[in-house]
Amino acid sequence: MPNIPTEQWAQVIEKVGGPVEYKKIPVAKPGPGEVLVNIKYSGVCHTDLHAVNGDWPIPTKLPLVGGHEGAGIVVARGDDVTDDVCKIGEAVGVKWLNDSCLSCTFCQQADEPLCLTPKLSGYTVDGSFQQYAIASAKHVAHIPDGVPLDEVSPVLCAGITVYKGLKESGVRPGQSVAIVGAGGGLGSLAQQYAKAMGLKVIAIDSGEEKKSMSEKMGCDAFIDFAKSSDITKDVRAATNDGLGPHAVILVAVNEKPFQQAAEYVRPRGTVIVIGLPANAYIRAPVFESVLKMVRIQASYVGNRQDSAEALDFFARGLIHAPFKTVDLKDLPDVYEKMHKGQIAGRYVLKMPDPE
Ligand code: NAD
Ligand code: ZN
C-alpha cells in the first residue's frame, strides 16, 4: 500500500468570490464505491472560475476545493471496490461528473451527466486542486498506459466536452465547423478533435497569440472577433461556398456570440451551445432560423463512453493542444489571466512533491 499522509496541500475557497487559499487540509478516506486518487496534475477550466465567482444559479459547497481535470493514480479504495472496476496503482482521471446514481431514467440511457442526483467535482464535492481527491470508482476515467498525465489532464473536462459536442452536432468528415472561443482551453481542444475527425476548422477568438496558436494547430481560417466589423459575413466568407459552416461550437465566455451563431451557420446547420457565461441567453432570429432549418442544441460534458473515446483519440497521438504547467500554489495567477482572457490553450497545475 502506498504511504498516504493525513494532511495535504490544497487550494480552498471559504466563500463565494474567494480568495483561494493555499493551505493544508486533511486527506479524506474513500467510502463505499469510492477511490482515493493521488492527483499529479490538474487542468484549470473556466468552470472553476465561474464557481469561485458564483456565476451560476446552483450554489457550490463551501468551503470548496475546486478542479475537475485531475489526472493521478489510485492509492486507496472503498472495501467494496473490486479490481474489475478500478485497480490500486491505475492512472485515472477525476472528471466534472464525480458520481451519478446509474439508476435514474437518464443514467439508464447513458445520459449520466443528466442524472437527477449527480456529484460534481470542484462544485458540489471537493475536486482536483488538492493532492488526494475522492471520486466514484465507477466514474473515474481510465487513462491508457503510457499517456503523459500533464498533457492529458485538460482532456478530462475540455477534451471530453468538445468531443461530445462535435458528435452531437452530427458533422461529417470533410464538412466545416466554426469554433467560437477557439483560443481557450475548450476551444484549442475542439480544434484538435475537429481536425482528427476530418473537419475544416474556422477558429474564432481574439489576439495574435491565439491566432498563431490556432494556425500552428492547422486551422483553415482564423477570425478575430474584436477586429471583425461583420462577423456573419466573415464567417460565411471563410467557407468554400460562402454558405457558412455546417456546425458552430460555442465555447466562448461572453454572451454575444450566443446571439450571433444562428445567423452565420449554414442552412440545415447545427449550433452547439457549450460555454456558460453568467446570466446569458441564446438568441436567434425566428424568420431566418426557420427558413434555414437551423438546429440549436446544448451539450453538457460527456458520459463514460464519450470519456473513453476522447481519451482514446489522445492515446493514439491525434490530440496535441498547447498547455503551460505551473505549481498548485500559483492558481490565483491562473485565475487572474483567465479572467482577463489572456490564456491561449490551458494551464495545468502540478501538485507538490511528497514531503
Ligand atoms: P477559456 O477562458 O479558456 O476560453 C474562453 C475563450 O472565449 C477565450 O479564449 C476568450 O478569448 C474567448 N471569447 C471571449 N469572448 C468571445 C467572443 N465574443 N467570441 C469568440 N471568443 C470569445 O474558457 P474554457 O475553460 O475553455 O471554458 C469555456 C466555457 O465553457 C466556460 O463558460 C465553461 O464554464 C464552459 N464549459 C462548459 C461545459 C459543458 O459541459 N457545457 C464544460 C466545460 C466548460
Ligand atoms: Zn471544465
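Sequence order sets the numbering: in each chain, residues are counted from 1 along the sequence as written. Going through the entries in the order they are written, you letter the chains from A and number the ligands from 1. Owing to the predicted nature of the model, reporting of local features is limited to residues with pLDDT of at least 70; listing and counting of side-chain atom pairs is limited to 80 or more, with chain, interface and lining totals taken over all residues. Heavy atoms throughout the structure, all of them, feed into the side-chain values; hydrogens and water do not.

Going by the annotation in an unreviewed UniProt entry, the name recorded for the protein chain is alcohol dehydrogenase, with Lithohypha guttulata given as the source organism. UniProt positions are given in the numbering used here, feature names are shortened, and annotations may be inferred rather than shown by experiment. Quoted verbatim from the Sequence similarities (unreviewed entry) heading of the UniProt record, the comment on the protein chain is "Belongs to the zinc-containing alcohol dehydrogenase family." Database annotation for the protein chain, UniProt heading Cofactor (unreviewed entry): "Zn(2+)".

Two strands in a sheet stick together by hydrogen bonds in their backbones, pointing the same way (parallel) or opposite ways (antiparallel). By this definition, two strands are paired if DSSP reports at least two bridges between them. Strands here mean DSSP runs of E at least two residues long; helices mean DSSP runs of H or I at least four residues long; both are numbered from the N terminus. With antiparallel pairing, three strands are arranged side by side in an open sheet as 2-1-4. Strand pairing shows two members of the sheet lacking a second neighbour, strand 2 (20–26) and strand 4 (64–65), which therefore form its edges. Note that strand 1 (residues 7–13) and strand 4 share two bridges and pair antiparallel. Each bridged residue has a counterpart across the sheet, and for Val12 the counterpart in strand 4 is Val65.

What follows covers the pattern of salt bridges. Take a side-chain nitrogen of Lys or Arg and a carboxyl oxygen of Asp or Glu: if they are within 4 Å of each other, that pair is a salt bridge. Evaluated as defined, the whole model comprises 20 salt bridges. Between Arg316 and Asp312 there is a salt bridge; the shortest N-O distance is 3.1 Å. The buried label applies to any residue whose accessible area, calculated with a 1.4 Å probe on protein chains only, is under 20% of its type's maximum; exposed applies above 50%, and partly exposed to all values in between. For Asp312, a relative accessible area of 38% puts it in the partly exposed group. Each of Lys164, Lys167, Glu168, Asp306 and Glu309 takes part in a single network of salt bridges with overlapping partners.

The nearness test applies per residue and asks whether one of its heavy atoms lies within 4 Å of the molecule or strand. Looking at ligand 1, there are 30 residues lining it, with His46, Thr47, Asp205, Val301 and Arg346 nearest. At 2.8 Å from an oxygen atom of ligand 1 is found a side-chain nitrogen or oxygen belonging to Thr47. Side-chain atoms alone can form a polar contact between residues adjacent in sequence; in general such a contact is a pair of N or O atoms within 3.5 Å, and within protein one must be able to donate a hydrogen while the other accepts it. Separating a nitrogen atom of ligand 1 from a backbone N or O atom of Ser299 is a distance of 3.0 Å. All accessibility values rest on the Shrake-Rupley procedure with a 1.4 Å probe; residue burial counts only the protein chains present in the view. Here ligand 1 loses 95% of its free accessible area of 870 Å² to cover by the protein chains. Here the shell around ligand 1 gets three residues from one element, more than from any other, and that element is helix 1 (residues 46–53). Here the nonpolar group is Ala, Val, Leu, Ile, Met, Phe, Trp, Tyr, Cys and Pro; Asp, Glu, Lys and Arg are the charged ones; every other residue, Gly included, is treated as polar. Tallied by class, residues from the shell around ligand 1 come to 16 nonpolar, 11 polar and three charged. For each domain, the first and last residues come from an automatic or database assignment. Inspection of the shell around ligand 1 shows a minimum of three residues originating in each of domain 1 (7–157 + 302–350) and domain 2 (159–298).

This next bit is on the coordination of the zinc ion (ligand 2). Under ideal tetrahedral coordination, the four donors around a metal are separated by 109.5 degrees; under ideal octahedral coordination, the six donors are separated by 90 or 180 degrees. In the first shell of the zinc ion (ligand 2), the protein supplies Cys45 (SG), His68 (NE2) and Cys157 (SG), at 2.0 to 2.3 Å from the metal. Of note, the zinc ion (ligand 2) draws all its donor residues from one chain, in the sequence arrangement C-x22-H-x88-C. Taken together, the residues Cys45 in the loop between strand 3 (34–43) and helix 1 and Cys157 in the loop between helix 3 (149–152) and helix 4 (158–169) connect sequence positions 112 residues apart. Each member of the pair, Cys45 together with Cys157, is buried. Any nitrogen, oxygen or sulfur atom within 2.8 Å of a metal ion counts as a donor, with the limit raised to 3.2 Å for Na, K and Ca, and since water is left out, coordination shells can look unfinished.

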